[in-house]
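Read off the chains here:
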Amino acid sequence: MKKIIFTLFTFISFTTLFAQSITAKIIDKNTRNPIPYATIKTGDYSGIISNEEGYFTLNTENDDLKTVTISCLGYQSKTLSIQNIKDLNSLIKLEEAVNQLNEVFISNKKPNADSIIAKVKARIDDNYDTNLIKYNIFHRTTDYIDFKSLDFEIEKASHVKKKNLDDANSSLSALSKKIRESDIKHFTDFKGELYSLNKDSSKLVVAKATKLIDYKNDFSVEEIQNKAQSIVLKYLDTTKTYKLKTGLFKIEDSLSLNDDEFKEKRQKNQFDIKHLNSETKGLLRKSQFYENSFLSKLIDPDLYEYTFEDFIYNNGELNYIITFSPSKGKAKYTGKLFVSDDDFAITRVDYTYYKNRHGEKINLKLILGVKYIANVSEGLLLFEKNNGNKYQPKYLKQITGSYFYVNRDLKFIENSSDKNKIGFSFKIEGDNRNKEELLFTENSKLTLEDFTAIKQSDVVTFKVLNKFEKTTWENEETLEPSQEMKAFKVEE
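These lines cover the structure that appears in this document, whether it is placed above or below. Once a new chain begins, its residue numbering starts again from 1 and follows that chain's sequence as written. Local features in a predicted model are, by the rule used here, given only for residues with pLDDT of at least 70; side-chain atom pairs are given and counted only at 80 or more, and totals for whole chains, interfaces and linings are based on all residues. Side-chain numbers come from the whole structure's heavy atoms, not from hydrogens or water.

Digging into the sheet that holds strand β7 (residues 91-94)
Here is step 1 of the chain: At least two DSSP bridges between two strands are required for those strands to pair. Comment: elements are numbered from the N terminus, with helices defined as DSSP H or I runs of at least four residues and strands as E runs of at least two. Read from one edge of the open sheet, three strands run β4-β1-β7, paired in mixed fashion. In this open sheet, the two edge strands, each paired with only one partner strand, are β4 (55-59) and β7. Geometrically, the sheet is characterised by an average inter-axis angle of 30 degrees between neighbouring strands, direction not taken into account.
Here is step 2 of the chain: As paired elements, strand β1 (residues 21-28) and β4 share five bridges and run antiparallel to each other. Residue pairing across strands places Ile-22 opposite Leu-58, the latter belonging to β4. Note on method: axes are straight lines fitted to C-alpha atoms, helices fitted across the in-contact stretch only, with angles between N-to-C directions ranging 0 to 180 degrees.

Structure, rendered in structure tokens:
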């Protein structure tokens, strides 16, 4: 009997020890489709959101967390206790909020989109505040590279043995195959506080950072060139050094395809804070109104045309849905603006490039063998009221991508009286994509003295992960990882 009681006590203790968080999924009650970007309020002015797959995680160790309120554009809000969520087997169903327009409007006149946008512009100062704000943030970037083609070629050289050339070409073919078949992606997370003085000045304090990456499959154009050059050099005369157009390469310096290189990379494990701050501030600026800002351009009637589409409920309040598209050639985006009927604040923005429009484009394919087109730019901006009755960003997502083409011819010149030469060329073509997400879990006002007192470090150490580990961010208010991220694992 004592044994049974002890075993039961051990099991209960074990369960209590490890049940420190609960992960749930939000779905549409009728379609059973996941609901992304639903707000889960853990306090009056704090909380998280569901990820793209409808999942979120709560810290159940927080004694102050008794209930959460879940709301999402187009759905009825729902307040649940932690026990309620457990009783629902962590599957939360939201019901669609049906528009009762006849109860709201007595006029049959269709709302005028241009008039609504004009009211948005007139109320900007009343609705938004961007100066001296402290943001508690969680930031995630996901990077992908897809190589469509990767070709290497060594020109025949009389001073190099045929077997060496054959071996070099075989190794280059193997490298090309490995890169093309690699699922090249990595994830970077960090959490901290962003102190914003104004649109141009901010300070970042990072509390924790991780990088989920396979260094051996982390290929940039420069790294591919270096690896290919190393293979070529390996099969030349290793007693000599060789000169490239870009400088002098010694054999012992170039042969770096070994584990020591990757160990050295892992030992650095540091992010430059200035870079992280600049990256985070750049995304935050997407959600701000100032002269020639992204949002200011979207509500410029000289650049865009607006159409009233429908009404939708957002946390019990009526919102107008306004579609926008370019009216002039210099405007690039199309999408939807969601505007509060109560105070004419923008509560959500969905945007993407319009038709065949794009960002920066470089086409020097015939002259320098280089082509680049920034062909993907899309995103989502979500806003929420704070305790000062001002709208602040809740979640920002930006996806950028580009097509790239590089065709380079290199020449290895032997550092000897013979000056033997061997030509080497490589062609790379593909697409890269970057997804940046910024979750704001809380915000509060700052004083100038507060801002001045904040010290920003130069670097922050990050933890390298070879696979997803749930415990790494457990009990933290973060964005729930996607299934793709959870499945990531480095093959040893």
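Thoughts on the nonpolar core
Here is step 1 of the chain: We define a nonpolar core as any set of buried Ala, Val, Leu, Ile, Met, Phe, Trp, Tyr and Cys residues linked to one another through side-chain atoms lying within 4.5 Å. The cut-offs for exposure are 20% and 50% of the maximum accessible area for each residue type, with area from a 1.4 Å probe on protein chains only; residues under the lower value are buried, those over the upper are exposed, and the others partly exposed. One finds Ile-299, Tyr-306, Ile-322, Leu-337 and Ile-346 to be the most contacted residues of the largest nonpolar core, which totals 55 residues.
Here is step 2 of the chain: The greatest single-element share of this core, amounting to five residues, is contributed by strand β14 (residues 304-314).
Here is step 3 of the chain: Beyond its immediate chain neighbours, meaning those up to four positions away, Ile-299 contacts Ile-117, Val-120, Lys-121, Ile-124, Phe-289, Tyr-306, Leu-337 and Ile-346.
Here is step 4 of the chain: Leu-165, Tyr-235, Leu-244 and Ile-428 belong to the second-largest nonpolar core, a separate cluster that totals 29 residues. Note on contacts: a residue pair is in contact if any heavy atoms of the two residues lie within 4.5 Å.

A short note on a positive patch on the surface
Here is step 1 of the chain: Residues qualify for a patch when their relative accessible area is over 30% and they have no salt bridge, like charges being joined within 9 Å and the nonpolar side chains of Val, Leu, Ile, Met, Phe, Trp and Tyr within 5 Å. Accessible surface is estimated by sampling points in the Shrake-Rupley manner with a 1.4 Å probe; for residues, cover comes only from the protein chains shown. We define a salt bridge as a contact between a side-chain nitrogen of Lys or Arg and a carboxyl oxygen of Asp or Glu at a distance within 4 Å. The convention is simple: Lys and Arg are positive, Asp and Glu are negative, and His and the chain ends are not counted. Charge coordinates come from a single atom per side chain, which is NZ of Lys, CZ of Arg, CG of Asp or CD of Glu. Positive charge collects at one region of the surface, where Lys-243, Lys-411, Lys-419 and Lys-421 lie side by side.
Here is step 2 of the chain: Within the secondary structure layout, Lys-411 lies in strand β20 (residues 391-414).

Details of helix α4 (residues 113-122)
Here is step 1 of the chain: Every buried residue belonging to α4 is among Ala-113, Ile-116, Ile-117 and Val-120, and all of these are buried. An end-on view of α4 places all buried positions within 100 degrees of arc, on one side of the element.
Here is step 2 of the chain: In this structure, the buried side of α4 is in contact with α5 (124-127), β14, β15 (317-326), β16 (333-340) and β17 (346-353).
Here is step 3 of the chain: Its side-chain oxygen placed 3.1 Å from the backbone nitrogen of Asp-114, Asn-112 serves as the N-cap of α4. The directions from the helix axis to the C-beta atoms are what the arc is built from. Pairing of N or O atoms within 3.5 Å defines a polar contact, subject to two protein rules: one partner must be a possible hydrogen donor and the other a possible acceptor, and residues neighboring in sequence count only if both atoms are side-chain atoms.

Overview of the pairing of strand β5 (residues 67-71)
Here is step 1 of the chain: Both strand β2 (residues 39-43) and β5 contribute to a ladder of three bridges, which runs antiparallel. By the bridge assignment for β5, Thr-39 is matched with Ser-71.
Here is step 2 of the chain: In textbook terms, the turn of a hairpin is the stretch between consecutive antiparallel strands, and for β5 and strand β6 (residues 78-81) this stretch comprises six residues, one of which, Gly-74, has a positive phi near 90 degrees.

Taken by themselves, the reported measurements are silent on function.
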